[in-house]
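Summary of structural features
The lines below spell out each chain.
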2 protein chains.
Amino acid sequence: MPTYQAPVRDVQFLLHDVFDIERYGNLAGFADVTPDLVAAILEEAAKFCQEALHPLNHSGDREGCTFDDGVVTTPAGFREAYATLIEGGWTGLCSDPDYGGQGLPFTLGAVVGEFRSSANMAFAMYPGLSEGAAQALAKHGTPEQKETYLTRLVSGEWTGTMNLTEPHCGTDLGLMRTRAEPNGDGSYAITGTKIFISAGEHDLSENIVHLVLAKIPDGPGGIKGVSLFVVPKFLVNGDGTPGERNALGCGAIENKMGIHANATCVMNYDGATGWLVGEEHKGMRAMFTMMNAARLGVGVQGLSQSELAYQYAVEYARERLQGRALTGPKHPDKPADPIIVHPDIRRVLMEIRAFNEAARALVVWTALREDLAERSPDAAERQSALDHTALLTPVIKGVLTDTGFANAVAAQQVFGGHGYIWDNAIEQVVRDARIAMIYEGANGVQALDLVGRKLPADGGRALRAFFGEVGGFIASVADDEAMQAFAGPLAVAVKDLEAATQWLMENGLAAPDEAAAGSSDYMHLLGLVALAYMWAMMAQKSLQALGDGGTADKGFHEAKCATARFFMERMLPNTTTRLACIRSGAACVMSLDETAF
Amino acid sequence: MPTYQAPVRDVQFLLHDVFDIERYGNLAGFADVTPDLVAAILEEAAKFCQEALHPLNHSGDREGCTFDDGVVTTPAGFREAYATLIEGGWTGLCSDPDYGGQGLPFTLGAVVGEFRSSANMAFAMYPGLSEGAAQALAKHGTPEQKETYLTRLVSGEWTGTMNLTEPHCGTDLGLMRTRAEPNGDGSYAITGTKIFISAGEHDLSENIVHLVLAKIPDGPGGIKGVSLFVVPKFLVNGDGTPGERNALGCGAIENKMGIHANATCVMNYDGATGWLVGEEHKGMRAMFTMMNAARLGVGVQGLSQSELAYQYAVEYARERLQGRALTGPKHPDKPADPIIVHPDIRRVLMEIRAFNEAARALVVWTALREDLAERSPDAAERQSALDHTALLTPVIKGVLTDTGFANAVAAQQVFGGHGYIWDNAIEQVVRDARIAMIYEGANGVQALDLVGRKLPADGGRALRAFFGEVGGFIASVADDEAMQAFAGPLAVAVKDLEAATQWLMENGLAAPDEAAAGSSDYMHLLGLVALAYMWAMMAQKSLQALGDGGTADKGFHEAKCATARFFMERMLPNTTTRLACIRSGAACVMSLDETAF
């Protein structure tokens, strides 16, 4: 069974060298973030993920969750691993210390989240869902709700869920039928069926805190009449312990392509008692708090599976002996060369690697902005950070999951026939990675969100700031000859993005189909430029390190520069095709009559 | 459960209008191929595939094959379906009438093969493997071998297999260990273990004819010492009936990602009795006879899953109500519009459709050349047809399976969360389609075969002929204004292909890594040009039909032209990126040391 090593060194390079996390010492929770603390957290996280979670990844997939009359049992080892997780304090890493959290930067949570998800994506979803629920309660809950539920979510004693989807409505939540009728005592009776509820029922925690979207009778129609409720599996006693069972239950778990070890539940609410979170009819606002964080988290899942697939493929490509290098035997002592000598294998490994390292940088860059948006004392800085995360969140969700899946498929190809059978574990990575393109808003919805909402918001302020930052970087290295191999292609790609933006402004505002037809291409085009910017920044730091003559990490920095060059020469040129597709407009996309398909 | 409709109309357009199959009436087996006969065969095939095979597709996946002490049982319904298949005479459709076949054009077999594989890919592999074995015996077997084995393969009473792979050798067959020791009576004792043997054991037929590669002791080393043997599961009595059990058996079947209903077997040969097919040590030549046909067949599998995925996605996109069209409600009577109104959904459907129809044309075009290569009385025509199939076979295998899989994934995305669960059947299409990129030579191997062998062969004659034909077509429509929307982009793409070829000639001959690093991009670039040529030819015929004022098929031909335009505007521009990648060369691909991954 292949192994997983958390990319600790790479994360340290990003946190310290590229993004200089030390300069945020004025923010809450950042003061203690010394290199030593970071190293200790990353090493501990890596150890837990490698030794406790990853060994359960393949067995969890094969065993899956089981359902018996409303009771869900997770695969062997999951209960013990979850107990270790909460003992280690990992569930409250970035949460508010007032509710038992450690208050560390969200950025650290994001990188540890990648490790956890690589090691065992299905497992990582249980605490992942809890974090989303905790954030919604932290932002929108009453003090009593926080005391009752948030503290237990932070401690990990209880877990959380998000209940949005119903059989007939997913993206279009305005069609929702689940209703919440006032009981007269401040509580509501929740009735309806929700589907695709990840971690909706399981045996890891003594209580489950469901956050449920429902409509209060006589409220506004459609999406404007949706409210958010907290609906615990067990009603909570006065002393905070779980009491009477609430009128809700898991009706079934789905049989699905992957993430077999995470229970995807049909949840039935039969007049279950719930309490309003936030204001009446403002449930979508609260839900978007969860969804934005969740979307970044799903982007990280895409990266995490790409990283896992890369490591599996590299291990196999080093071990599998087959054929000889075209330029003559590289290992004449062996009956054949390892397949890593072949350029087409090498191309695949380089493509995955060049994506992973830049995607990780993109996550760190954006997670730091999330920290700023939450914790900066400066209103302008908070707003600019919010602009950034609003713009980049759909890109990270869409591009990191699309590309993460494609990379898992490419890594599987390295295994030949051995990649198609269960035993080598890589086919599981493909099946697991697939879901990330779908949930938390399918990637087509992310692209529409980007083009239809995020681009035009505030007169295009967020994108202008993005162009400003990238353009500023390019200008700042104009005299640095060694940087032109990176800044030059980046500048060309920026021009393609500018041209695409211009085209959308001229054509998409009056005719929304024109923007929508190119939305997916635009999302990927913006993603390519953002990844290229990450590579240019990383190359700059590595060139500096190499120039400083430090030999300790010579191999690391040389590999960074080589991978950056690969990205620029071999992956970035795709901006041209994306631009051409956007400019081709809606006519050819929409010309066929609905009935002609 | 979604349904499948065989694309009979589309095939008729290709056979009669685009490729004018009637003009080959001078070839053996073509004389009887009247439009009426074609219609009858296609309708019968469609009926069988839709009604008998497709209903077993999803259930076959869920049940899978079972293994018990050497005995393999196929899923419920498979035995009956196989009996119906052979009753209908489908197994011998294109085989030599001297051995019980109907001798019809291979082209008809290819299009019927697409229907069968769309309807049930795992089932279709059983007769598919037999066809490969039959072809090898037809070409290389002795008259006695043909009488004994070929007649039963043609009738479908027995099925066949190909045994190449061993645990430590797949692509690199020179490492093979299975040995064949002369028994002194003209037979050999075959000993060794073969893996990944599709249809190696099952309950559909009374005997199984294994074609096995093995080494005769004291022969040349490596690939040059490999011979081919026919090794039946049951030795054959004097009267042709199955007799004593041979010393071979299925040791296990693989648990794998997809094609669950096709048994992928570990085959153990323990001194099994076999007979040489063809010459000693010339086994690879015979095996390539099977492989070339099999590679075209695997390309068709890629198309077949793309077509199935398309049909599933269209059905779902028409039924699923969610949101409103950006340009205002299209179905105001319904609670929401069907998602087919959304441009990003439409883009996905158009991309799959534009691929499928051109890929089908590419298969017909090339299958006709296979017929010519076999049956033309003119040596020059045979040679030119052989050149064509040699050049296009790796492209069809690689591009049709890569894109077919990508299309299955894109179609799954249309379903949102509903695409991830078993019940909607689309996730099976993704899992089944995945194998086609891997077996019969992984697609990276196809690309190397194309660039390393097929391009330079005979001084580049095959590619010159390809450029000549496409260029001739473009020139022939130079005065046809309506055709410029298709011929124009085609000409641009041809220039990219010429530039890429030029680059490979200048750089790849001296430094093979330079060619290998761009091989996959080159294969896809050539594929794009070939598909574009197909679209230009189809558009020409549809424009003519529309110009002739025939109204019966107006919708069909208008859709053809609209889809052709979509391909040209939205899919063909990718040639630019492919060319840029090829030109970036091997340096950036190979610069990282093996140990740095």
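Our subject is the structure listed above.
Numbering of residues starts from 1 in each chain and follows the order in which that chain's sequence is written. Ligands are numbered from 1 and chains lettered from A, in the order in which they are written. Local features in this predicted model are restricted to residues of pLDDT 70 or higher, and side-chain atom pairs are both shown and tallied only at a pLDDT of 80 or more, whereas totals for entire chains, interfaces and linings draw on every residue. With hydrogens and water stripped out, all remaining heavy atoms of the structure feed into the side-chain values.

**A closer look at the packing of helix α13 (residues 461-476) of chain A against helix α14 (residues 484-507) of chain A**
All names here are of chain A. Between N-to-C directions, angles cover 0 to 180 degrees, with each direction set by a line fitted to C-alpha atoms, over the stretch in contact for helices. Counting from the N terminus, the helices are DSSP H or I runs at least four residues long and the strands are E runs at least two residues long. The interhelical angle for the contact between α13 and α14, taken along N-to-C directions, is 160 degrees, at an axis separation of 10 Å. As far as their axial angle goes, α14 and α13 are roughly antiparallel. Both α13 and α14 take part in a crossing whose hand is left-handed. On α14, the residues touching L463, F466, F467, V470, F473 and I474 of α13 are A487, L490, A491, V494, L497, E498 and T501. In terms of residue class, the contact of α13 with α14 is made up of 11 nonpolar, 1 polar and 1 charged. Angles are sorted into four bins: roughly parallel if under 35 degrees, roughly antiparallel if over 145, roughly perpendicular if 65 to 115, and oblique for all others. For a crossing to be left-handed, the near helix must be turned anticlockwise from the far one by less than a right angle; the clockwise case is right-handed. Throughout, a residue-residue contact means that at least one pair of heavy atoms, one from each residue, lies within 4.5 Å. Polarity classes work like this: nonpolar for Ala, Val, Leu, Ile, Met, Phe, Trp, Tyr, Cys and Pro, charged for Asp, Glu, Lys and Arg, and polar for all others, with Gly in that last group.

**Let's talk about the pairing of strand β9 (residues 242-245) of chain B**
Sheet faces and side chains relate simply in a regular strand, where the side chains alternate between the two faces. At least two DSSP bridges between two strands are needed for those strands to be called paired. Bridge analysis of strand β8 (residues 234-236) of chain B against β9 of chain B gives 2 bridges, and the strand direction is antiparallel. Looking at the pairing, F234 of chain B lines up with R245 of chain B of β9 of chain B.

**Things to note about the interface of chain A and chain B**
Tallying the contact residues gives 91 residues for chain A and 89 residues for chain B. Reported buried area values correspond to the accessible surface (1.4 Å probe) lost by two parts on association, with both partners' losses combined. Summed over both sides, the interface between chain A and chain B buries roughly 7,700 Å², with carbon and sulfur atoms accounting for 60% of that surface. Per-residue buried area on chain A facing chain B is highest for Y420, R570 and F597 of chain A; these three make up 12% of the total on that side. Salt bridge, as used here: a side-chain nitrogen of Lys or Arg that lies within 4 Å of a carboxyl oxygen of Asp or Glu. Where chain A touches chain B, the interface holds 2 salt bridges. Whenever two N or O atoms come within 3.5 Å, that pair is a polar contact, provided that in protein one can donate a hydrogen and the other can accept it, and provided that, for residues adjacent in sequence, both atoms are side-chain atoms. At the junction of chain A with chain B, the criterion picks out 53 residue pairs in polar contact (both at pLDDT 80 or more).

**Let's talk about the nonpolar core**
Within the largest apolar cluster, 418 residues are counted, with the highest numbers of intra-cluster contacts made by F466 and Y522 of chain A together with F466 and Y522 of chain B. If we skip the residues at most four places from it in the chain, Y522 of chain B touches L450, V451, L455, L463, L497, A500, T501, L504 and I582 of chain B. The set of buried Ala, Val, Leu, Ile, Met, Phe, Trp, Tyr and Cys residues whose side-chain atoms join them within 4.5 Å is what this entry labels a nonpolar core. Three labels apply to residues, based on accessible area from a 1.4 Å probe with only protein chains included: buried if under 20% of the type maximum, exposed if over 50%, partly exposed otherwise in between.

**Describing empty space enclosed by the protein**
Residue and element names in this part refer to chain B. As defined here, a cavity is a set of points on a 1 Å grid over the protein atoms alone where a 1.4 Å probe fits but cannot get out. A pocket is an open set with protein on both sides within 12 Å along at least five of seven lines, and residues line them when an atom is within 4 Å of a point. Grid points are joined across faces, edges and corners, and a volume is the space filled by probe spheres set on the points. Applying the stated criterion across every chain yields a total of 1 cavity of 30 Å³ or more. Approximately 40 Å³ is the volume attributed to the largest cavity. For the lining of the largest cavity, the elements supplying multiple residues, two or more each, are α3 (57-63) and α11 (426-436). Take the lining of the largest cavity: its biggest share by element is 3 residues, from α3. The class makeup of the residues in the lining of the largest cavity is 5 nonpolar, 5 polar and 2 charged.

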